[in-house]
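Observations on the model geometry
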Amino acid sequence: VNDIAVVSDCGAADVFTITGVSTSNTQITPNNLTRSYEPDTNPTVSSYYGVRYYVGNNGITDSDGTPHRSLYRGQPVLVGGTTLTEQPQELIDGVEQMQLLYGIDADQDGAPDSYVRAGSGALDEAAEWRTVVAVRVAMLLRTVDEYGNIEDERTYQLDDETAISPADNRQRRLFTVTAVVRNLQ
């Protein structure tokens, strides 16, 4: 009771709060779903578990005072049965930048027509988020320590607006991946 769950099949998904549990019945009858989930579509019910990924300082600094940054996963944790807090978990040290762009399908052909940032004006309303069909993630990783005596003079372009021009002896590598998401009406 009061747990958040998701019911889904190949056609849609709904997030809901469990308001009661019956041990004598294997059927779920929640209110306010967007549609009916019929047995022949093999719907599944799972616990809903959200996590947040972000880049933050990890508490280590260089001799010049430059903070080390890492990729973190923030997991929600219930403390004392009543307080929801976030527990950070460091995943990758040396993540200098991370950017997300969302692929918008303006002509409803299933392919992204443009990539935009959240809050850019193209993704302000809930209905606009339904047009997202892909997410492009760009991460710039660097060595934790400086390496050799050759200064990195390259410029790294993470997305349409963010360019990084470091001036240190760290080695860097830019990774970009685009993932298709399933947005069903």
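Thresholds applied
- Residues numbered from 1 in each chain as written.
- Predicted model: local features only at pLDDT ≥ 70, side-chain atom pairs only at ≥ 80, totals over all residues.
- Heavy atoms only, no water.
- Pairing = 2+ DSSP bridges.
- Helix = DSSP H or I, 4+ residues; strand = E, 2+ residues; numbered from the N terminus.
- Axes fitted to C-alpha atoms, helices over the stretch in contact; angles between N-to-C directions.
- Buried < 20%, exposed > 50% of the residue type's maximum accessible area, 1.4 Å probe, protein only.
- Polar contact = N/O pair within 3.5 Å; in protein donor to acceptor, adjacent residues only side chain to side chain.
- Contact = heavy atoms within 4.5 Å.
- Phe/Tyr/Trp six-rings, centres within 6.5 Å; stacked < 30°, edge-to-face > 60°.

A closer look at the sheet that holds strand S1 (residues 4-8)
- With respect to topology, 3 strands assemble into an open sheet ordered S2-S1-S3, the strand pairing being antiparallel. Two strands in the sheet have a free side with no partner beyond their single neighbour: strand S2 (13-17) and strand S3 (44-47). For this sheet, the mean angle separating the axes of adjacent strands, direction not counted, is 25°.
- Judged from the 4 bridges that link them, S1 and S3 form a sheet pairing that is antiparallel. Bridge assignment links Val-6 to a residue of S3, and that residue is Ser-46.

Section: the side chain of Asp-152
- With respect to the element layout, Asp-152 can be found in the loop between strand S9 (132-142) and strand S10 (156-157).
- The exposure class assigned to Asp-152 is buried, which follows from its relative accessible area of 5%.
- Within the local environment of Asp-152, its side chain forms a polar contact with the side chain of Tyr-156, the two groups lying 2.8 Å apart.
- Excluding residues within four positions of it along the chain, Asp-152 makes contact with Pro-166, Ala-167, Asp-168, Arg-170 and Arg-172.

Observations concerning the packing of aromatic side chains
- This structure, assessed with the given rule, holds 2 aromatic pairs.
- Between Tyr-54 and Tyr-72, the ring centres sit 5.5 Å apart and the planes meet at 10°, which makes this aromatic pair stacked. Taken together, the positions of Tyr-54 in strand S4 (residues 52-61) and Tyr-72 in strand S5 (residues 67-79) put the pair 18 residues apart, joining distant regions of the chain.
- Owing to a relative accessible area of 10%, Tyr-72 belongs among the buried residues under this scheme.

A short note on unusual backbone geometry
- Non-glycine residue Asn-42 carries a positive phi angle of around 50°.
- Relative to the helices and strands, Asn-42 resides in the loop between S2 and S3.
- Its identity is not glycine, yet Gln-108 carries a phi of approximately 55°, on the positive side.
- In this fold, Gln-108 is placed in the loop between strand S7 (95-104) and strand S8 (114-116).

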